[in-house]
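Here's the letter readout for the chains.
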Amino acid sequence: MPARPFTLGDMDPHLLRTFVTVTRLGSFSAAARRLGYTQSAVSQHIAALESDLGLPLLTRRPVAPTRAGARLLEHAVPLLLRLDAARAELGRMAAAPAGTVTVAAAPLAVGPRLLAALPDTARVTLRVQPRDAIPAALATGAADLGLVDGLAAPSDPLHLPDTAPFTTTPVAEAPLAVHLPAGHPLAHRPGLRLGDLTAARWLDAPAAGLPLDQLRAAHGTYGFRPALRYDGTDVRTLTALAAAGRGLTLLPVTVPADAEAVAVPLVEPRLVHRVELLHSAAATENPERPGPAAALASRLTTAP
């Protein structure tokens, strides 16, 4: 009898999770610390996967995915998200208190649309966290709904990685403005072009603001050099840093400028700050008798 072809479903999810963690951290020892394993166990997990597939998945010095490893990573990340989402959904069915909903939102996604949609009849927990952490928060059951954001052309969807188990729905779009000190030479212009700011000093705030990589992608350049990095999620701290002259930052017009700063509209290219709702089918099912997550999702996506 011929051997049955090997499929991704044959792999132990624990081995896949080890592989993804090693790849993301670029280190066997760092992955061992993150997962609570010994370094020897991590090495054995990777060796077992490579033996099963008959292909090398990682180079060792430096630790990086091979061509086969990169392809496996593309499949493994959404598969693990699906497994986590299924486990979390069943856990919520067994233990979630009635009338509660948890929302994980990127800092800039906490805007007027969300504040207007929050219900009075349900107990809501709002968790503000970096946008890259939101898919995992939904997958593990730490949140029922997610709000992610980013730069986009008007009416264009965000390009989100690794969200296979979830559905995205547009929530809001807002124009953009550059925040700079009131005494800055460009502060009194009626509008600014991104191309005129590539050599400026910028604030690198990937969690609280818009990542500089998104600005570089929008302009197709390697400019926008960081002057200071801010790793927090407090948007007011970010605007205060801009006001203090520590660097420029690009934010939606819904974010007010600090008292010592001005926000000058971005006029070119035509970009908006876009917010999208990330959710599973289970969180928004049964439209005839919606739970608190479905009701909030409906208000977020249908409010004027």
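Residues numbered from 1 in each chain as written. Predicted model: local features only at pLDDT ≥ 70, side-chain atom pairs only at ≥ 80, totals over all residues. Heavy atoms only, no water.

### Things to note about the sheet that holds strand E7 (residues 176–181)
Step number 1: The strand order across the open sheet built from four strands is E8-E12-E7-E11, with neighbouring strands paired in mixed fashion. With one partner strand each, in any of the chains shown, strand E8 (192–193) and strand E11 (249–252) form the two edges of the open sheet.
Step number 2: Bridge count for E8 against strand E12 (residues 261–268) is two bridges, and the pairing is parallel. For Leu 192, the partnering residue across the bridge sits in E12 and is Leu 266.
Step number 3: Most of the contacts of helix H8 (residues 235–243) go to E7, to which it runs at about 55°, and overall it touches E7, E11 and E12. (Pairing = 2+ DSSP bridges. Helix = DSSP H or I, 4+ residues; strand = E, 2+ residues; numbered from the N terminus. Contact = heavy atoms within 4.5 Å. Axes fitted to C-alpha atoms, helices over the stretch in contact; angles between N-to-C directions.)

### Considerations on the sheet that holds strand E3 (residues 100–105)
Step number 1: If you trace the five strands from one edge of the open sheet to the other, you get E4-E3-E5-E13-E6, paired in mixed fashion. Each having just a single partner strand, strand E4 (123–128) and strand E6 (167–174) make up the two edges of the open sheet. Each neighbouring strand pair of the sheet contributes to a mean axis angle of 25°, computed without reference to strand direction.
Step number 2: In this structure, strand E5 (residues 145–152) lies alongside strand E13 (residues 272–279), joined through eight bridges in antiparallel fashion. In the strand pairing of E13, Ala 152 is matched with Val 272.
Step number 3: Running at roughly 45° to E3, helix H9 (residues 292–302) makes contact with E3, E5, E6 and E13 of the sheet.

### Topic: the side chain of Asp 149
Step number 1: Mapped onto the fold, Asp 149 is located in strand E5.
Step number 2: On the accessibility criterion, Asp 149 (2% relative accessible area) is buried.
Step number 3: Only 2.8 Å separates the side chain of Asp 149 from the side chain of Arg 131, close enough to count as a polar contact. (Buried < 20%, exposed > 50% of the residue type's maximum accessible area, 1.4 Å probe, protein only. Polar contact = N/O pair within 3.5 Å; in protein donor to acceptor, adjacent residues only side chain to side chain.)

### Observations concerning the packing of helix H1 (residues 13–25) against helix H3 (residues 39–53)
Step number 1: Here H1 crosses H3 at 110°, and the two axes come no closer than 9 Å. On the basis of their axis angle, the class for H1 and H3 is roughly perpendicular. On the side of H1, the interface is formed by His 14, Leu 15, Leu 16, Thr 18, Phe 19 and Val 22, while H3 contributes Val 42, His 45, Ile 46, Ala 48 and Leu 49.
Step number 2: Among the residues forming the contact of H1 with H3, the class breakdown is eight nonpolar, three polar and no charged. (Parallel < 35°, antiparallel > 145°, perpendicular 65-115°, else oblique. Nonpolar A, V, L, I, M, F, W, Y, C, P; charged D, E, K, R; others polar.)

### Observations regarding the packing of H1 against helix H2 (residues 28–35)
Step number 1: The contact between H1 and H2 brings their axes to 8 Å, and the two run at 125°. Relative to H2, H1 is oriented oblique. Seen from above, H1 lies across H2 with right-handed handedness. Contacts between H1 and H2 involve Thr 18, Thr 21, Val 22 and Leu 25 from the former and Phe 28, Ala 30, Ala 31, Arg 34 and Leu 35 from the latter.
Step number 2: Among the residues forming the contact of H1 with H2, the class breakdown is six nonpolar, two polar and one charged. (Left-handed = near helix turned anticlockwise from the far one by under 90°.)

Distances and angles like these do not, on their own, reveal function.
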